[in-house]
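Structure assessment
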Amino acid sequence: MTDSKYFTTTKKGEIFELKAELNSDKKEKKKEAVKKVIASMTVGKDVSALFPDVVNCMQTDNLELKKLVYLYLMNYAKSQPDMAIMAVNTFVKDCEDPNPLIRALAVRTMGCIRVDKITEYLCEPLRKCLKDEDPYVRKTAAVCVAKLHDINAQLVEDQGFLDTLKDLISDSNPMVVANAVAALSEIAESHPSSNLLDLNPQSINKLLTALNECTEWGQIFILDCLANYTPKDDREAQSICERVTPRLSHANSAVVLSAVKVLMKFMEMLSKDLDYYGTLLKKLAPPLVTLLSAEPELQYVALRNINLIVQKRPEVLKHEMKVFFVKYNDPIYVKLEKLDIMIRLASQANIAQVLAELKEYATEVDVDFVRKAVRAIGRCAIKVEQSAERCVSTLLDLIQTKVNYVVQEAIVVIKDIFRKYPNKYESVIATLCENLDSLDEPEARAAMIWIVGEYAERIDNADELLESFLEGFHDESAQVQLQLLTAIVKLFLKKPTETQELVQQVLSLATQDSDNPDLRDRGYIYWRLLSTDPVAAKEVVLAEKPLISEETDLIEPTLLDELICCIGTLASVYHKPPSAFVEGGRGVVHKSLPPRTASSESTESPETAPAGAPPGEQLDTVPTQGDLLGDLLNLDLGPPVSGPPLATSAVQMGAVDLLGGGLDSLIGAPSFVAPPAAAVPANLGAPMGSGLSDLFDLTSGVGTLSGSYVAPKAVWLPAMKAKGLEISGTFTRQAGSISMDLQLTNKALQVMTDFAIQFNRNSFGLAPAAPLQVHAPLSPTQTVEISLPLSTAGSVMKTEPLNSLQVAVKNNIDVFYFSTLYPLHILFVEDGKMDRQMFLATWKDIPNENEAQFQIRDCPLNAEAVSSRLQSSSIFTVARRNVEGQDMLYQSLKLTNGIWVLAELRIQPGNPSFTLSLKCRAPEVSQHVYQAYETILKN
């Protein structure tokens with residue numbers, strides 16, 4: 001009979017019977033009784049009263065009985081710590097038993113009994129087991145050290161167990177090595193600052209040797225440990241890759257993904273010109289494809305990881321498109337993931353195949369899947385320009401099916417295609433208008449209204465179509481109402497005589513009869529624009545729209561790099577960094593890919609660590625309260641004392657002597673063609689006029705609107721990390737003043753008051769120029785917008801990267817810390833235009849090794865537009881000339897600490913890629929200036 005009989009009993013008064021049986025002289029009866037106790041414990045009955053009787057059964061040679069007693073001990077030792085001490089002697093004795101299985105069992109159980117009183121008695125037996133002659137005992141003891149460290153870290157360090165554990169990495173048995181690595185990794189996770197796994201080429205060699213011989217889970221521990229190592233050069237990286245590659249053919253998918261993680265990380269250091277690089281790419285594809293033949297749950301995990309790999313290195317799977325074609329019996333979550341990867345892999349070479357598949361999917365019965373398939377056709381059109389026409393005709397065929405949800409999705413994606421390829425496919429508008437009555441989803445209705453408003457001049461009855469939507473204006477969703485308001489204003493600006501009443505009606509509905517503040521505000525702005533200056537209204541409302549980008553859902557590059565380092569973990573399935581979902585005291589270390597070696601990419605130099613900092617130190621570790629920012633609880637909330645700006649800085653970026661020699665060389669220099677002088681408005685700093693009419697009078701040249709580019713607000717401090725306080729923000733520069741625009745949201749259940757803010761020392765001396773003013777207590781769910789003025793007169797200390805800023809915010813609940821990056825263009829001053837002769841002399845004077853060259857891609861602007869857009873952010877064009885059909889812009893800018901940066905921007909008409917050369921006496925600034933150029937030109 002099986003052991004299931006122990007779980008079927010429902011007798012009363014069982015405890016007394018079991019007590020008697022446990023004290024029986026017969027061994028079999030004792031064993032039966034212990035089994036009954038374990039069964040009761042398993043189903044949730046409290047059998048702690050039997051603790052002394054069960055512990056007495058420990059003195060036995062029977063291994064099965066000993067295991068059962070140890071199981072009971074693990075469960076109840078915490079509730080009976082005083083009684084548990086009775087078992088210590090038996091543990092000590094069992095650790096010296098001739099049978100290695102019993103020695104290992106004793107040390108394993110000792111590690112699982114989480115009672116402080118007992119731990120000190122266990123140190124001696126554990127020390128012996130760590131040096132045991134039997135590898136099975138040693139590998140068990142290695143894991144026990146990690147468990148003991150979790151209970152009492154100080155004890156483990158004092159007893160020298162960590163050093164013993166490090167010695168086990170050199171053990172002759174591969175399983176012992178694997179468990180030692182696992183234990184050290186576990187301990188290192190809870191103490192990120194300790195350098196426990198001190199990896200060097202010798203220890204890496206030992207790990208790689210053990211890798212071939214240990215069990216599959218041991219291999220995973222070793223591979224994960226290897227992934228945290230940064231090789232010293234590309235040769236070492238290649239050597240490790242060669243020895244890890246055989247793991248790709250392992251039967252265990254976790255081993256395969258861990259091997260892929262190591263290879264993806266170390267490939268970053270290999271030059272793309274190497275033959276081995278191409279070989280490695282070919283070797284990566286088959287194991288990933290094999291993972292897709294597993295059961296659906298494993299397929300899903302594999303697909304989420306493949307999604308990351310394809311975003312980082314699409315060339316790995318570019319020939320494997322067919323593997324991602326959907327099977328009829330795939331679960332919906334697998335289908336949607338495959339669809340996403342298909343679009344990422346779509347290219348001119350395989351687009352015909354992909355479109356044929358997507359068209360097939362659009363006739364499926366699963367509504368969610370069909371919707372995603374129709375969207376995918378639109379995304380293909382936007383991604384692969386040559387296929388756009390075929391995609392549009394496929395979408396038109398789908399619209400002809402008259403299936404309601406297919407038609408609605410098709411209209412939404414056609415709107416995006418119109419945005420990407422203006423004046424190309426507008427002939428299909430008539431077909432779209434035929435389906436107007438069948439649209440019932442807000443997104444589809446809004447898309448159709450946008451199309452009618454945008455192309456009103458091509459639609460004869462545009463006014464009637466929009467009027468039909470207006471009849472149920474108040475029943476529409478906010479998205480549709482906003483779109484309808486804009487569309488009717490566009491229509492009025494295109495056909496003013498016929499639509500006077502219609503625009504009056506919609507403005508009245510939006511402003512007087514609506515309680516939606518967004519709709520009301522937009523209505524009032526349009527009303528005032530139209531009544532004050534119709535010409536300005538036309539320029540604003542009918543302005544040329546920027547083209548939409550092909551990939552809007554790509555993961556941000558630094559996050560993608562971190563996720564690549566987390567392949568095979570939960571982070572790679574969630575597509576979120578571990579810090580976003582791991583709570584508790586464990587320190588989550590932000591991982592990043594190693595920098596490329598000098599031979600790999602000439603323009604990408606490895607990031608240099610700040611002087612005196614260890615190479616592995618990361619910027620975004622959260623500063624501790626004591627060492628970095630001081631105790632903010634005693635903040636002086638008075639206004640800061642404004643001192644004179646610092647003349648020199650710790651960054652060694654002192655003021656550049658621009659007059660020092662070199663002017664003689666101007667004689668015989670190539671002649672520059674000066675650009676047309678930009679008209680600087682006379683009333684730039686003038687106060688605003690009274691009415692809104694001044695604000696929109698675009699012809700009078702009021703300069704307050706065209707400030708430097710402002711990035712949208714980003715979440716800097718999530719609520720879950722700050723006890724309910726969420727902080728979003730951005731940086732702005734207007735009329736020479738820098739400010740930090742903050743949005744504070746209270747997501748806690750208590751009121752927040754007493755706000756204050758402080759910055760750590762940073763590269764450019766940014767500091768608050770006034771206290772953080774939150775005038776009223778911040779109630780739960782309330783949001784407040786604050787503009788904090790900044791000065792550049794604070795303390796200076798070079799940070800890595802140069803534009804990082806560490807901030808502490810205090811309120812009545814606690815002090816919270818976060819780190820952010822500010823865009824460098826907020827530091828570009830308004831008097832940064834250099835004289836042409838001075839420019840030429842300075843350019844020659846700065847050594848050539850200080851010159852850095854960058855590529856700005858996907859920027860469809862001409863030289864005039866580039867010059868004017870950069871000037872609005874204080875990057876001034878000193879001169880312009882045309883060389884062999886190329887426009888050359890020579891530009892200057894000046895930072896708040898007096899550093900000048902000179903630039904040469906090469907623009908080939910019709911080519912969206914520009915070449916930017918930067919020269920500066922502080923070359924570490926160049927990378928950040930290039931990023932500022934990219935940000936300004938692409939937004």
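Residues numbered from 1 in each chain as written. Predicted model: local features only at pLDDT ≥ 70, side-chain atom pairs only at ≥ 80, totals over all residues. Heavy atoms only, no water.

As recorded in an unreviewed UniProt entry, the protein chain goes by the name AP complex subunit beta, listed as coming from Capra hircus. UniProt annotates the protein chain under Subcellular location (unreviewed entry) with the comment "Endomembrane system". (UniProt positions renumbered as here; feature names shortened; annotations may be inferred.)

1. Considering the overall build of the protein chain
In terms of regular secondary structure, the protein chain is built from 37 helices and 13 strands. Looking at the protein chain as a whole, 49% of its 939 residues are labelled buried. If you take every contact in the protein chain between residues at least 6 apart in sequence, the share linking residues at least 24 apart comes to 67%. Per element, the accessible surface of the protein chain, about 44500 Å² overall, is 51% carbon and sulfur. (Helix = DSSP H or I, 4+ residues; strand = E, 2+ residues; numbered from the N terminus. Buried < 20%, exposed > 50% of the residue type's maximum accessible area, 1.4 Å probe, protein only. Contact = heavy atoms within 4.5 Å. Areas by Shrake-Rupley, 256 points an atom, 1.4 Å probe, with all protein chains shown as cover.)

2. A closer look at the pattern of salt bridges
Inspection of every chain in the model, using the stated rule, returns 33 salt bridges. Within this structure, R371, R375, E409, E441 and E443 form a network of salt bridges that share partners. (Salt bridge = Lys/Arg side-chain N within 4 Å of Asp/Glu carboxyl O.)

3. Examining the environment of Y526
By the element assignment, Y526 lies in helix α30 (residues 517-532). Since its relative accessible area comes to 11%, Y526 is described here as buried. Each C-alpha atom, one on Y526 and one on V540, is 9.7 Å from the other, the two residues being 14 residues apart in sequence. Ignoring any residue separated from it by four or fewer positions in sequence, one finds Y526 in contact with L485, T486, V489, L507 and V541.

4. Points about the packing of aromatic side chains
One pass over the structure, following the stated rule, counts 11 aromatic pairs. With a centroid separation of 6.1 Å and an interplanar angle of 70 degrees, the aromatic rings of F731 and Y822 are classed as edge-to-face. Separated by 91 residues along the polypeptide, F731 in strand β2 (residues 725-734) and Y822 in the loop between β8 (815-821) and α35 (836-845) bring together distant segments of the chain. Each member of the aromatic cluster is reached from another via a ring pair, and the members are W716, F731, F818 and Y822. Above the plane of the ring of F369 lies K335, whose end atom (NZ or CZ) is 5.2 Å from the centre. (Phe/Tyr/Trp six-rings, centres within 6.5 Å; stacked < 30°, edge-to-face > 60°. Lys NZ or Arg CZ within 6 Å of the ring centre and 35° of its normal.)

5. As for the environment of R108
Checked against the element boundaries, R108 lands in helix α7 (residues 100-112). Overall, the relative accessible area of 30% leaves R108 in the partly exposed class. Between the C-alpha atoms of R108 and V137, which are 29 residues apart in sequence, the distance is 9.2 Å. For R108, the residues in contact, after removing those within four places along its chain, are Y136 and T140. A polar side-chain atom of R108 sits 3.3 Å from a polar atom in the side chain of Y136. (Polar contact = N/O pair within 3.5 Å; in protein donor to acceptor, adjacent residues only side chain to side chain.)

6. What about the side chain of Q299?
In this fold, Q299 is placed in helix α19 (residues 296-312). For Q299, a relative accessible area of 6% corresponds to the buried category.

7. Digging into helix α18 (residues 275-291)
Of all the positions in α18, only Y276, Y277, L280, L281, L284, A285, P287, L288 and L291 are classed as buried. Buried residues along α18 sit against α16 (234-244), α17 (253-267) and α19.

8. Thoughts on the packing of helix α10 (residues 135-151) against helix α12 (residues 161-168)
Interaxial distance between α10 and α12 falls to 11 Å at its minimum, and their mutual angle equals 140 degrees. As for how α10 packs across α12, the hand of that crossing is left-handed. Each of R138, A142, V145, L148 and H149 in α10 lies in contact with α12, whose residues at this interface are F161, L162, L165 and L168. Class assignment for the residues of the contact of α10 with α12 results in seven nonpolar, one polar and one charged. (Axes fitted to C-alpha atoms, helices over the stretch in contact; angles between N-to-C directions. Left-handed = near helix turned anticlockwise from the far one by under 90°. Nonpolar A, V, L, I, M, F, W, Y, C, P; charged D, E, K, R; others polar.)

9. Focus: unusual backbone geometry
A cis amide bond links E800 with the next residue in sequence, P801, at an omega value of -5 degrees. Within the secondary structure, P801 sits in the loop between β6 (783-791) and β7 (804-810). A positive phi is found at H575, a non-glycine position, where the angle reads about 60 degrees. The class for H575 is buried, based on a relative accessible area of 14%. The phi angle at K723 is positive, at roughly 50 degrees, despite the residue not being glycine.

10. Here we look at the sheet that holds strand β4 (residues 756-759)
One open sheet holds the three strands; their spatial order is β4-β7-β8, and the pairing between them is antiparallel. Edge positions in the sheet fall to β4 and β8, since each of these pairs with one other strand and no more. Geometrically, the sheet is characterised by an average inter-axis angle of 25 degrees between neighbouring strands, direction not taken into account. Of the strand pairs in this sheet, β7 and β8 are connected by seven bridges, and their pairing is antiparallel. Bridged to S804 within β8 is L821. (Pairing = 2+ DSSP bridges.)

11. Thoughts on the sheet that holds β6
If you walk across this open sheet you meet the five strands as β1-β2-β3-β6-β5, and the pairing is antiparallel. Since the sheet does not close on itself, it has two edges, and those belong to β1 (714-717) and β5 (767-768), each with one partner.

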